[in-house]
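# Breakdown of the fold
Given next are the chains, with one letter for each unit.
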Amino acid sequence: MNSREKILAKIAANKPELIELPNINISLFEEEINLIQEFTKKVEVVGGQVYHATSNQDVVNQILAMIPNTPNNYSTLEGIENFNTIDLQNINRPQDLEDLDILILESDLAVAENGAVWIEDDKLPIRVLPFITNHLVLVISKNNLVPFMHHAYQKITKKPTGFGVFIAGPSKTADIEQSLVIGAHGALSLSVFIK
């Protein structure tokens, strides 16, 4: 047994029992808020931008006007395959995506409370994509906005997924000389389109 196998065996042997999630009465959090306004405010606070679009093609048109002349683009949106300049079938290693300029993904869930957008396996062909691209674009329907994380967790626990992540804002850190640095470990910008 090599070192890796020994470490994994010890972890498996010492795995704690799962603790049930608390049962939260969501009705206690009901309040009249404008979800789009609250979501927009929270996305902007964490360094992202929110735009409105009428269609998938409208999203692409706006993005290409804001960020022109990008040679390496990929989108999972339907009907805009001409936007894609790279073929993920030809990617052998995640590092081969280091030059990805723009990535556009669609989501079925976003949270007004903190501006977070949920991305999961069925919308994400390669897990590293939102973290390796220069400019991340997320597209949501206004009907898929929920007010609080409690509501979001209620939705995501109802469907099985192998991988999922909440994304809020572009990559950033404030531990470098006590200055906020955008794009330190990932995407330089986050644009969220509401349809």
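Above this text you will find the structure in question.
So, how was this worked out
- Residues numbered from 1 in each chain as written.
- Predicted model: local features only at pLDDT ≥ 70, side-chain atom pairs only at ≥ 80, totals over all residues.
- Heavy atoms only, no water.
- Helix = DSSP H or I, 4+ residues; strand = E, 2+ residues; numbered from the N terminus.
- Buried < 20%, exposed > 50% of the residue type's maximum accessible area, 1.4 Å probe, protein only.
- Contact = heavy atoms within 4.5 Å.
- Areas by Shrake-Rupley, 256 points an atom, 1.4 Å probe, with all protein chains shown as cover.
- Lys, Arg positive; Asp, Glu negative; His and termini not counted.
- Charge placed at Lys NZ, Arg CZ, Asp CG, Glu CD.
- Pairing = 2+ DSSP bridges.
- Polar contact = N/O pair within 3.5 Å; in protein donor to acceptor, adjacent residues only side chain to side chain.
- Core = buried A, V, L, I, M, F, W, Y, C linked by side-chain atoms within 4.5 Å.
- Axes fitted to C-alpha atoms, helices over the stretch in contact; angles between N-to-C directions.
- Salt bridge = Lys/Arg side-chain N within 4 Å of Asp/Glu carboxyl O.

### A short note on the overall build of the protein chain
Assigned secondary structure in the protein chain consists of five helices and 11 strands. Buried residues in the protein chain amount to 37% of all 195 residues. When contacts within the protein chain are restricted to residue pairs at least 6 apart in sequence, those whose partners lie at least 24 apart make up 71%. Accessible surface, the protein chain: about 11,900 Å² in total, of which carbon and sulfur atoms supply 51%. If you average the places of the 15 positive and of the 24 negative side-chain charges in the protein chain, the two averages end up 6 Å apart.

### Quick notes on the sheet that holds strand S7 (residues 145-146)
A sheet is described by the order of its strands in space; here four strands give the open sequence S7-S4-S5-S8, paired in mixed fashion. Two strands in the sheet have a free side with no partner beyond their single neighbour: S7 and strand S8 (164-167). Pairing of strand S4 (residues 110-111) with S7, which is carried by two bridges, proceeds in the parallel orientation. Each bridged residue has a counterpart across the sheet, and for Val111 the counterpart in S7 is Val146.

### Here we look at the side chain of Glu38
Mapping Glu38 onto the fold places it in helix H2 (residues 35-45). Engagement of the side chain of Glu38 in a polar contact is seen with the side chain of Lys42, the distance being 2.8 Å. Sequence-distant contacts of Glu38, defined by excluding residues within four places in its chain, comprise Ile33 and Ala112.

### Observations regarding the nonpolar core
Within the largest apolar cluster, 26 residues are counted, with the highest numbers of intra-cluster contacts made by Phe39, Val117, Ile119, Leu136, Leu138, Ile140 and Val192. For this core, the secondary-structure elements that each account for two or more residues are H2, strand S3 (102-106), strand S5 (116-120), strand S6 (135-140), S8 and strand S11 (189-194). For Ile140, the contacting residues outside a window of four places in its chain are Phe39, Ser107, Ala110, Val117, Leu145, Val192, Phe193, Ile194 and Lys195. Ile63, Phe83, Ile104 and Phe193 belong to the second-largest nonpolar core, a separate cluster that totals 13 residues.

### Observations concerning H2
Every buried residue belonging to H2 is among Glu38, Phe39, Thr40 and Val43, and all of these are buried. Each element contacted by the buried residues of H2 is listed here: strand S1 (49-52), S4, S5, S6, S7 and S11. Measuring from the backbone nitrogen of Ile36 back to the side-chain oxygen at the start of H2 gives 3.1 Å, which picks out Asn34 as the cap.

### Re the environment of Ser107
In this fold, Ser107 is placed in the loop between S3 and S4. The class of Ser107 is buried, set by a relative accessible area of 2%. In the structure, Ser107 is positioned 31 residues away from Leu138 in sequence and 6.8 Å away in space, judged by C-alpha atoms. Polar contacts involving the side chain of Ser107 include one to the main-chain carbonyl oxygen of Trp118, which spans 2.6 Å.

### Quick word on the sheet that holds S1
Within a sheet, adjacent strands bond to each other through the backbone by hydrogen bonds, running parallel or antiparallel. Within the open sheet, the five strands sit side by side as S1-S11-S6-S3-S2. Their pairing is parallel. Two strands lie at the open edges of the sheet, namely S1 and strand S2 (73-75), each paired on one side alone. Ignoring strand direction, the axes of neighbouring strands in this sheet form an average angle of 20°. Along the sheet, H2 makes contact with S1, S6 and S11, crossing S1 at roughly 140°. Relative to the sheet, helix H3 (residues 56-66) contacts S1, S2, S3, S6 and S11, its axis offset from that of S11 by approximately 150°.

### So, the pattern of salt bridges
Per the stated rule, a full pass over the model turns up six salt bridges. Close ionic contact of Glu106 with Lys195 constitutes a salt bridge, the shortest N to O distance being 3.8 Å. A residue pair is termed long-range when its members are at least 10 positions apart, and Glu106 in strand S3 and Lys195 in the segment after S11 qualify at 89 residues. Exposure remark for Lys195: the relative accessible area of 29% places this residue in the partly exposed category. One salt-bridge network, in which partners are shared between bridges, spans Glu38, Lys41 and Lys42.

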